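Chain and residue survey
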Amino acid sequence: MNKIVTAEIAENSEIAKEMFRLRLKLPGDYPRPKPGQFVNLYLNDASLLLPRPISVCDYEQGLLTLVCAVVGKGTEMISGYGVGTKIRVSTPLGNGFSTGGSGHYLLVGGSFGVVPLLLLAKELAAQGRTDVRAFLGFYDETLIVEEFPCVVEVATDVGSCGFKGNVVELLECSEIPVGTQILACGSKPMLCALSKFAAERGLYLQVSMEERMGCGYGACVGCVCKTTKGNRKVCDDGPVFDASEVIWDE
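The paragraphs below set out a description of the structure included in this document. (Residues numbered from 1 in each chain as written. Predicted model: local features only at pLDDT ≥ 70, side-chain atom pairs only at ≥ 80, totals over all residues. Heavy atoms only, no water.)

**A short note on unusual backbone geometry**
Note the following rule: Each helix corresponds to a stretch of at least 4 residues labelled H or I by DSSP, and each strand to a stretch of at least 2 residues labelled E; elements are numbered beginning at the N terminus.
For the bond from G238 to P239, the omega torsion is 10°, close enough to zero to count as cis. In this structure, P239 sits in the loop between β14 (230-233) and β15 (240-242). One non-glycine residue with positive phi stands out, namely E18, at about 55°.

Next comes the structure, spelled out in structure tokens:
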């Protein structure tokens, strides 16, 4: 059952333009997040009641790492909280990535979608997997690339780093072994293109959908994703889905 706990901010630092890293010191009984899950952050302001759903970036030794973008009043306020500030946070929410089975793993992230892939890469490394690669795409400035414990290839739209073009174009120029499993997070257009890429090659693909959430608990039905199994809630049924079940063109 989900709970809301009080955490203490251990770090709050800017890592890119309008991007900040938030590390939270958690109670000892806090459950370990699964890669792909998210948490709800509650602001220390009674006038801002709704929580801010944030993807889990990393977790180790009782420290939860979140990488947040300043996209509105709430996240701007959080970006200004100092070390030692108490903040309420939910236990992990949603369904994460599945890493069962054999074969190569390919982690594909677009822009802010690289964030939840870091914990995934670290968990695969902890399992002793050496057949993992990450393909990460950005517009110009990269984000947390150097923290991935696996082979990383980078694409930038403007060619400021690595391959010039988007991450799917980079994949199309790369050799992908038969049986590779792709686990991805990014914008819907990127995931749609990636789904076609995987389907054409008979590759299994899991996608973490980026949708605006209201409550983050499945009550408001504000983050619906159309699938072959009917309308699914990204916060509750996802955010990770089998790409073959997602209806992309409607």
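**Remarks on the environment of V115**
Threshold: Residues are treated as being in contact if the distance between any of their heavy atoms lies within 4.5 Å.
In this fold, V115 is placed in the loop between β7 (105-110) and α2 (117-126). Linking V115 and C185, residues 70 residues apart in sequence, is a C-alpha distance of 8.5 Å. Once residues within four sequence positions are removed from consideration, V115 is found in contact with S55, V56, C57, V67, L143 and I144.

**Looking at the pattern of salt bridges**
Counted only if it meets this: A pair is scored as a salt bridge if a Lys or Arg side-chain nitrogen falls within 4 Å of a carboxyl oxygen belonging to Asp or Glu. Burial status follows relative accessibility: with a 1.4 Å probe on protein chains alone, a residue under 20% of its type maximum counts as buried, one over 50% as exposed, and anything between as partly exposed.
Summed over all chains, the structure comprises 12 salt bridges. Two residues, E8 and K86, come together in a salt bridge whose shortest N-O distance is 3.7 Å. Taken together, the residues span a long stretch of sequence, with E8 in strand β1 (residues 4-16) and K86 in strand β6 (residues 86-90) at a distance of 78 residues. With a relative accessible area of 31%, E8 lands in the partly exposed category. Close ionic contact of R133 with E153 constitutes a salt bridge, the shortest N to O distance being 3.6 Å. Pair noted here: R133 is in strand β8 (residues 132-138) and E153 is in strand β9 (residues 151-156), with a separation of 20 residues, a long-range link. A relative accessible area of 23% means that R133 is categorised as partly exposed.

**Side note on the nonpolar core**
Selection criterion: Take the buried residues of types Ala, Val, Leu, Ile, Met, Phe, Trp, Tyr and Cys, join any two whose side-chain atoms come within 4.5 Å, and each joined set is a nonpolar core.
Ranked by size, the top nonpolar core spans 31 residues in total, and within it V108, I182, L194, V207 and M209 carry the most contacts. Elements supplying a minimum of two residues to this core: β7, α3 (167-172), β11 (181-186), α4 (188-201) and β12 (204-209). If you tally residues by element for this core, the top one is α4, at 6 residues. Residues contacting V108, with those up to four places away along its chain left out, are L117, F135, V167, L171, I182, L183, A184, C185, M190 and L194. If you look at the next biggest cluster of nonpolar residues, it comprises 27 residues, including F97, Y105, V154 and V240.

**Topic: α2**
Among the residues of α2, L117, L118, L119, L120, A121 and L124 are the ones counted as buried. Against β4 (52-60), β7, β8 and β11 lie the buried residues of α2. Note on α2: the residue one or two positions beyond its end, G128, has a positive phi of about 85°.

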